[in-house]
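# Summary of structural features
Residues per chain, in single letters:
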Amino acid sequence: MSPTRAGPAGVRILGPIEVAGADGPAALSGARQRALLAVLAMNAGTVVHQPRLIDALWGWDPPRTAVKTLHSHIARVRQALEACGLPGTLHTRHAGYVLDIPAQSVDAFLFESKVAAARRHLGASAPEQAARELREGLALWRGDALVDGEPTGWAAAEAARLNEVRLCAVEELWDAELRLGRHRAAVGELERLLVTQPHRERLVGLSMLALYRCGRAADALDAYRRLRAFLAEELGTDPGPDLQRLHTAILREDPALDHTGPVPEPAATEPPAGTGEPVPTELPSPAGHFTGRDTALSALDGVLAQRGPQPRIAFVAGPAGMGKTALALQWAHTALAHFPDGQLFLDLAGHDPAAALGPAEALAQLLSSLGVPAGRVPAELPARAALYRTLLRERRVLVLLDNAGGADQLLPLVPPSPSSLLLVTSRSQPTGLSTHHAVHAVGLDALDRHEAVALLAEVLGRDRVDREPAGAARLAALCGGMPLALRIAAAKLTARPGRTLTELAEELADDDRLDGLSVPGDSRSVRTVFASAYRSLPGPAARLFRLLGLHPGPTFTAHLAAAVTGTAPAGRGGCSTSWSPRTWSPRPGRTGSAATTCCGCMPASAP
C-alpha cells in the first residue's frame, strides 16, 4: 500500500525530516535546522515562542549565543522554504515564530488523525475500517520520529510520544486483524515485532491469542512464562491482570477465545506497513559545517546514476582524519529518497586488526537490521551471505560500511543487484575489491588552502575569519588541510570567543602541535587518529616510519628511505601504502622532531 502523501506543501517528520514545496524538497543543513523545522511543523499555524524553541534545540543548558544562533537558523530555514517553493510560510510573531501551513500537510498530524478514526471504528465494532485506517497511518512512517533532528527538551519528549503512539497503533492494528480472524497471518508478524519489543504486554497477549487460535497453545503458554520470568527478575512484579486472565483462559481452553465468524482474506498480500520487516534508518547525523568536497560529491552522484546489471559500489579512500565518514554521510543524507527500503550503517573497524569485524559478524548485524531474529540467523558464513543477498535482491537499500579493511571483509557484504548501493570508506585502496567488482573509487586528501579557510569560516563565522586573513591562512597551513585538525582548532576558538586565530596559530607553532590539537573530553584527537594508523602498519613500515622521523627536512625521497633502512629503493621508499606523503612542519629549533608522514597517516615522530 502506497504511503499517504502530505500534499504539495508536505512536511514529513515521521522518520528523516523533510519538507517539499512546489519546486521540490528543501535543502536543510544540519540537525538543528531540521529539528527547528520539525518543532514548528508539529505546531503548524501556532506561534512557538523563543524559549520553547531554544529548549527544543539545546535543552536545559543552552549556549550564551542561543538567541543569536536561533535567529540565524530561522533565517536559513526561511531561505530553504522560499527556495523550494514555499515563500511566506515562516513568520515572526510576538517574540516567536509560526509555520503558516495547514496541519493536514504534516505527516504526524495525518497519522494521529487516522489513529483516532481507527479507535472510533474499533469502538463501533468495525474492525475492517479500523485496520484500513491504521495501515494507511502506519505507512507514513519511515523510521523513528525526528530521527535526524537530534531534538532535546520538550521536542525530544514529543518525538518519544509519537514513537509510542506508533507502537500502540501497531498493537491496535493486530487487535483489529485478530477480530477479523486473521490469526494465521498475525502469528509471524507478531513474532517479528516481539524481536524488538519482547516485553510489551499487549503484544505478548496478542501473540498468545494468535498462537492459541492456530493450535499452538503450548507456545502461547511459553510466551507468557518468558514474560513473567523477565518481569519477576528485572522488576519484581507480575504480568497485568488482562494478561493473567488470558493465560488462565488458555489453560482452560475457554471457547470464548475462538474466532467464530468467517475468516476473510487479508486485505493485502504484503506485510502491513509499519508492522512487517522493519525499514532500517541507521545513518548517523551528518557532520555539522560540512564544507567543500564538491568533486567527490559529484563523483558519488555519478555512481547513483549508474545503469547496468552490476552492483553499484562507491569506495571513498583516504588517510586518517581526512573526513571520509563525514563525506559519506553528507552525501548519503542527500540521497535518502533513492533508498526507500532503508539505509544500513556499520562500522567495520577495519583499521584496527584487533577490533575489526569479521564478515560473519558483520553479516549477523546487517541481517538483524533487516529484521531477521537472532535465532534465525544461519550459523555459517555462506548461508548468512546467501540470506543477506536474498533479502536485498528486490530492495532499494543504501549500505554504508565505515572504516573497511581488506577485500575479504567486504566481499560477502556486496549487495546482489544494482537496486541497492554499497558505499565504503577506508584508509586502504580498493584494489582487492576491484578484482571482483566494478568499483568507483573516490580519493580524499587534505583540503586545499581555500577550502581549509572556508571550513574555519563556516564554524567560526565569516566575520571573525575575515578580520584575520593572515592568521586564518597560517592556522589552515599548520593544520595541514586536515579536516579533523581544522575542526578541533575551530572548536578551541569557539570555546574562547575573545581569542584570535593568530594566537592559536602561534601556540600550535611553538608547542607540541599534536597535544594542541585535542579537546578535553573528546577522545578523537589528531594524535589518537594518527596513532591508530601507525598501529596498523606492518613491522618494516613502522620501523621506516620511525627512522624517517629523524630526518630534519619536510619531505623525503625513495633513495633517502632506502638509505636509512639499508635496503634498495622499491616503490615509494619501500612503504606498503600508495598514499602521497603529507607534511607536518617541524617545530623551530628542534632537530629530529620533523613530523614528515609516510603513508599520509601518522607523524614520523610516533613512538
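Residues numbered from 1 in each chain as written. Predicted model: local features only at pLDDT ≥ 70, side-chain atom pairs only at ≥ 80, totals over all residues. Heavy atoms only, no water.

Below, the discussion takes up helix α17 (residues 449-460). End to end, α17 covers 16 Å across 12 residues, agreeing with the expected 16 Å (1.5 Å per residue, within 8%). Every buried residue belonging to α17 is among Ala 452, Val 453, Leu 455, Leu 456, Ala 457 and Leu 460, and all of these are buried. The N-terminus of α17 is capped by Asp 448, whose side-chain oxygen sits 3.1 Å from the backbone nitrogen of His 450. Just downstream of α17, Gly 461 is the residue with a positive phi angle, here 100 degrees. (Helix = DSSP H or I, 4+ residues; strand = E, 2+ residues; numbered from the N terminus. Expected span 1.5 Å × (residues − 1). Buried < 20%, exposed > 50% of the residue type's maximum accessible area, 1.4 Å probe, protein only. Polar contact = N/O pair within 3.5 Å; in protein donor to acceptor, adjacent residues only side chain to side chain.)

Burial analysis of strand β7 (residues 312-317) places six of its six residues in the buried class, the great majority of the element. Here β7 shows no split at all, with Arg 312, Ala 314 and Val 316 on one side and Ile 313, Phe 315 and Ala 317 on the other all buried. Bridge count between β7 and strand β10 (residues 421-426): six bridges; the pairing is parallel. Bridge pairing links Ala 314 to Leu 423 in β10. Both β7 and strand β11 (residues 440-443) contribute to a ladder of four bridges, which runs parallel. Bridge pairing in β11 links Ala 317 to Gly 443. (Pairing = 2+ DSSP bridges.)

We now examine unusual backbone geometry. Backbone geometry places Ser 125, a non-glycine residue, at a positive phi of 55 degrees. Residue placement: Ser 125 occurs in the loop between α4 (107-123) and α5 (127-138). Judged by its relative accessible area of 61%, Ser 125 falls in the exposed class. Phi at Glu 150 takes a positive value of approximately 50 degrees, unusual for a residue other than glycine. Looking at where Glu 150 falls in the secondary structure, it is placed in the loop between α5 and α6 (153-179). A relative accessible area of 48% places Glu 150 in the partly exposed class.

Moving on, we come to the sheet that holds strand β5 (residues 90-92). Strands sit in the order β4-β6-β5 across an open sheet of three strands; the sheet is antiparallel. Of all the strands in the sheet, just β4 (48-49) and β5 have a single pairing partner and so form its edges. Across two bridges, β4 lies against strand β6 (residues 96-99) in antiparallel orientation. Paired with Val 48 across the strands is Tyr 97, a residue of β6. Docked against the sheet, helix α1 (residues 31-42) engages β4, β5 and β6, running at close to 75 degrees with respect to β6. (Contact = heavy atoms within 4.5 Å. Axes fitted to C-alpha atoms, helices over the stretch in contact; angles between N-to-C directions.)

Where α1 meets helix α3 (residues 66-83), the closest approach of the two axes is 10 Å, and the angle between their N-to-C directions is 75 degrees. Classified by the angle between their axes, α1 and α3 sit roughly perpendicular to one another. Contacts between α1 and α3 involve Arg 32, Gln 33, Leu 36, Leu 37 and Leu 40 from the first element and Leu 70, His 73, Ile 74, Arg 76, Val 77 and Leu 81 from the second. Broken down by class, the residue content of the contact of α1 with α3 amounts to seven nonpolar, two polar and two charged. (Parallel < 35°, antiparallel > 145°, perpendicular 65-115°, else oblique. Nonpolar A, V, L, I, M, F, W, Y, C, P; charged D, E, K, R; others polar.)

Below, the discussion takes up the environment of Ala 326. You can see Ala 326 is positioned in helix α12 (residues 324-334). According to the relative accessible area criterion, Ala 326 is buried, its value standing at 18%. A C-alpha to C-alpha distance of 9.4 Å links Ala 326 and Ser 285, two positions 41 residues apart in sequence. Contact partners of Ala 326, with chain neighbours within four places excluded, come to Ala 287 and Phe 290.

Strand order in this open sheet of five strands is β8-β9-β10-β7-β11, and the pairing throughout is parallel. One side of each edge strand has no neighbouring strand; the edge strands of this open sheet are β8 (343-347) and β11. Averaged over all adjacent pairs, the angle separating strand axes in this sheet is 15 degrees, with direction ignored. Taken together, the five bridges between strand β9 (residues 398-404) and β10 define a ladder with parallel strand orientation. Within the sheet, the bridge partner assigned to Val 399 lies in β10 and is Leu 422. Contacting β7, β10 and β11, helix α11 (residues 294-304) crosses the sheet at an angle of about 165 degrees to β7.

So, about the pairing of strand β2 (residues 18-21). With burial as the criterion, only one face of β2 is covered, namely that bearing Val 19 and Gly 21; the residues Glu 18 and Ala 20 on the opposite face remain uncovered. Pairing between strand β1 (residues 10-12) and β2: three bridges, direction antiparallel. Within the sheet, the bridge partner assigned to Gly 10 lies in β2 and is Ala 20. Between β1 and β2, which pair antiparallel in sequence order, lie five residues; one of them, Gly 15, sits at a positive phi of approximately 135 degrees. For β2 and strand β3 (residues 24-25), the ladder comprises two bridges, and the chain directions are antiparallel. Bridge pairing links Gly 21 to Gly 24 in β3. Between β2 and the antiparallel strand that follows it, β3, lie two residues.

With that settled, the discussion passes to the side chain of His 91. Locating His 91 in the fold gives a position in strand β5. In this structure the side chain of His 91 is engaged in a polar contact, spanning 2.7 Å, whose partner is the backbone oxygen of Gly 88.

With that settled, the discussion passes to the packing of aromatic side chains. Throughout the structure, instances matching the rule amount to one aromatic pair. Between the NZ or CZ atom of Arg 52 and the centre of the ring of Trp 154, over which it lies, the distance is 4.1 Å. (Phe/Tyr/Trp six-rings, centres within 6.5 Å; stacked < 30°, edge-to-face > 60°. Lys NZ or Arg CZ within 6 Å of the ring centre and 35° of its normal.)

Topologically, Ser 207 is positioned in helix α8 (residues 201-213). Leaving out residues up to four positions away in the same chain, Ser 207 has contacts with Leu 190 and Leu 194.

Right, let's get into α11. Of all the positions in α11, only Ala 296, Leu 297, Leu 300, Val 303 and Leu 304 are classed as buried. In a view along the axis of α11, the buried residues occupy a sector of 110 degrees, so they form one face of it. Exposed residues pointing more than 90 degrees away from the buried face of α11 are listed as Asp 294 and Thr 295. Turning to α11, the residues buried within the fold contact β7, α12, β10 and β11. (Arc of directions from axis to C-beta.)

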